[in-house]
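# Summary of the model geometry
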Amino acid sequence: MSEAAQTLDGWYCLHDFRSIDWSAWKTLTSDEREAAIREFLSLVEKWQETEDKKEGSHAIYTIVGQKADIMFMILRPTIEELNEIETALNKTKLAEFLVPAYSYVSVVELSNYLASGDEDPYQIPEVRRRLYPILPKTKHVCFYPMDKRRQGNDNWYMLSMEERRNLMRAHGLTGRKYAGKVTQIITGSVGLDDFEWGVTLFSDDALQFKKLVYEMRFDEVSARYGEFGSFFVGNRLTVEKVPVFLHV
Ligand code: VOV
């Protein structure tokens, strides 16, 4: 049996995608809509207080295309808190008009492929910053789930640790070319959701998602072993923009 990579696991993560039932939303009076928006914003304010205390983080993006209209990405120390947050959201008035489109449950993950030293990694500030990240406030987001292939001669899980380490090193070098342009948050989801990882990319230039993902297709680890789910791309929805977004 090949040696499993050891993972470092950080905050739990929920990607919650909803479509908006605009026809139903329009049937409310403008006072009712305003009250629903106020109630929703007070929920987001609570999320912000948690983020300010560095006890979690969140991001809200409007999604381009028909797969969804809005995405909430939530990070919390426990999976129970993710459940509480989705339940609180579901109990709001606005949620009566939010139709579930897709969701993904995972946990922020770093592997030990490129780790060095004997120090307890959970005590290294840079590692902690990546395991418990405050989500970047970039203009755009790209999310997709992915697997590593297990088929015939292309079975990631039959490769030796050394072979996987070399492939991940090459992957990291390609990724490093995008430093300052794209920030990635990899979340592990084996045993938690339908794919093995969630990939969330943040950038102020949406074109960089295409350039990075395309370039990575030529890395052996993606070319030979990568299998991908649906891609979602979105634009940041700040608290200030919420009333305009929901105005009908
Ligand atoms: C923004 C660029 C970027 C950079 C710098 C980067 C670097 C790194 C490093 C150094 C490491 C290994 C150590 C660790 O930190 O775990 C990883 C790990 C991982 N990556 Fe990555 N990745 C990037 C970006 C990046 C992208 C765009 C994708 C999607 C692949 C594609 O083809 O669409 C991806 C996937 C992953 C995955 C699924 C893992 C875990 C694999 C496992 O088997 O455990 N990743 N990644």
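Please read these numbers as outputs of a predicted model, since none were measured by experiment. All chains use their own residue numbering, which begins from 1 and follows the written sequence. The model is predicted, so local features are restricted to residues of pLDDT at least 70 and side-chain atom pairs to those at 80 or more, both for listing and for counting; the totals for chains, interfaces and linings are taken over all residues. Side-chain numbers come from the whole structure's heavy atoms, not from hydrogens or water.

Before going further, it helps to spend a moment on the site of the ligand. One heavy atom suffices: a residue is near a molecule or strand as soon as one of its heavy atoms comes within 4 Å of it. As a matter of local geometry, the ligand sits amid 25 residues, with Ser-111, Tyr-144, Lys-148, His-171 and Ser-222 nearest to it. Whenever two N or O atoms come within 3.5 Å, that pair is a polar contact, provided that in protein one can donate a hydrogen and the other can accept it, and provided that, for residues adjacent in sequence, both atoms are side-chain atoms. At 3.5 Å, a side-chain N or O of Arg-130 approaches an oxygen atom of the ligand. Secondary structure counts use DSSP, requiring at least four H or I residues in a row for a helix and at least two E residues in a row for a strand, with both numbered from the N terminus. At five residues, the largest contribution of residues to the shell around the ligand is made by helix α5 (residues 161–176).

Moving on, we get to the packing of aromatic side chains. Only the six-membered ring of Trp is used, alongside the rings of Phe and Tyr, when aromatic pairs are assigned; centres must lie within 6.5 Å, and planes under 30 degrees apart are stacked while those over 60 apart are edge-to-face, with the rest tilted. Tallied over the full model, the rule gives 19 aromatic pairs. A ring pair is formed by Trp-25 and Phe-97, whose centres lie 5.4 Å apart and whose planes are at 65°; its orientation type is edge-to-face. Linking Trp-25 in helix α1 (residues 22–26) with Phe-97 in the loop between α3 (79–90) and β4 (98–111), this pair joins segments that are 72 residues apart in sequence. Neither Trp-25 nor Phe-97 differs from the other in exposure class; each is buried. For the ring pair Tyr-113 and Trp-156, a centre distance of 6.4 Å and an interplane angle of 80° mean the geometry is edge-to-face. Of this pair, Tyr-113 sits in the loop between β4 and α4 (125–131) while Trp-156 sits in the loop between β7 (154–155) and α5, placing them 43 residues apart in sequence. Taken together, Phe-17, Tyr-102, Tyr-104, Phe-143 and Phe-232 form an aromatic cluster joined through their ring pairs. Two limits define a charge over a ring: the Lys NZ or Arg CZ must be within 6 Å of the ring centre, and within 35 degrees of the ring normal. In this structure, Lys-148 is placed above the aromatic ring of Trp-156, and the distance from its NZ or CZ to the ring centre is 3.8 Å. We call a residue buried when its accessible area falls under 20% of the maximum for its residue type, exposed when it is over 50%, and partly exposed in between, using a 1.4 Å probe and counting protein chains only.

Below, the discussion takes up the UniProt feature "active site" (unreviewed entry) in the chain. UniProt positions are given in the numbering used here, feature names are shortened, and annotations may be inferred rather than shown by experiment. With numbering matched to this structure, UniProt assigns "active site" (unreviewed entry) to Tyr-144. With respect to the helices and strands, the residue Tyr-144 is situated in strand β5 (residues 140–148). Beyond its immediate sequence surroundings of up to four residues, Tyr-144 is in contact with Trp-197, Gly-198, Val-199, Leu-201, Val-213, Phe-228, Ser-230 and Phe-231. Should any heavy atoms of two residues lie within 4.5 Å, those residues are considered in contact.

This next bit is on the coordination of the iron atom of the ligand. There is one protein donor for the iron atom of the ligand, and it is His-171 (NE2), at 2.0 Å. Relative to the helices and strands, His-171 resides in helix α5. Donor atoms (N, O, S) are those found within 2.8 Å of the metal centre, with the cutoff raised to 3.2 Å for Na, K and Ca; water is not part of the atom list, so apparent gaps in a site can occur.

Where helices are involved, their axes are fitted lines through C-alpha atoms of the stretch in contact, as for all axes, and angles between N-to-C directions lie from 0 to 180°. The contact between α5 and helix α6 (residues 207–217) brings their axes to 10 Å, and the two run at 155°. With respect to α6, the axis of α5 lies roughly antiparallel. Remark: the crossing between α5 and α6 carries right-handed chirality. Note on element contacts: α6 touches α5 through Leu-212, Glu-215 and Met-216, opposite His-171, Thr-174 and Gly-175. Per-class residue counts for the contact of α5 with α6 are two nonpolar, three polar and one charged. Angle categories are assigned with fixed cut-offs, so that under 35 degrees is roughly parallel, over 145 is roughly antiparallel, 65 to 115 is roughly perpendicular, and the rest are oblique. In a left-handed crossing the near helix is turned counterclockwise from the far helix by less than a right angle, and in a right-handed crossing that turn is clockwise. Charged means Asp, Glu, Lys or Arg here, nonpolar means Ala, Val, Leu, Ile, Met, Phe, Trp, Tyr, Cys or Pro, and polar covers whatever is left, Gly included.

To estimate how far a helix should extend, the number of its residues minus one is multiplied by 1.5 Å. Between its first and last C-alpha atoms α3 spans 17 Å; for twelve residues at 1.5 Å apiece the expected length is 16 Å, and the two agree. Buried residues of α3: Leu-82, Ile-85 and Leu-89, and no others. The buried side chains of α3 occupy one side of the element, clustering within an arc of 65° when seen end-on. Buried residues belonging to α3 abut β1 (7–20), α2 (30–52), β3 (70–76) and β4. In this context, the arc is that of the directions from the helix axis out to the C-beta atoms.

Before going further, it helps to examine the nonpolar core. Side chains of a nonpolar character, in soluble globular proteins, are inclined to be buried together. In these notes, a set of buried Ala, Val, Leu, Ile, Met, Phe, Trp, Tyr and Cys residues joined through side-chain atoms within 4.5 Å is what counts as a nonpolar core. Residues Trp-25, Phe-40, Trp-47, Ile-60, Phe-72, Leu-98 and Leu-246 are the most contacted members of the largest nonpolar core, which totals 23 residues. Of all the secondary-structure elements, those providing two or more residues to this core are β1, α2, β3, α3 and α8 (242–246). In terms of residue count, the dominant contributor to this core is α2 (six residues). Excluding residues within four positions of it along the chain, Leu-98 makes contact with Arg-18, Ser-19, Ile-20, Ile-70, Phe-72 and Leu-89.

Looking at the element boundaries, Phe-202 is found in strand β9 (residues 197–203). Spatially, the C-alpha atoms of Phe-202 and Val-107 are 17 Å apart, while their sequence positions differ by 95 residues.

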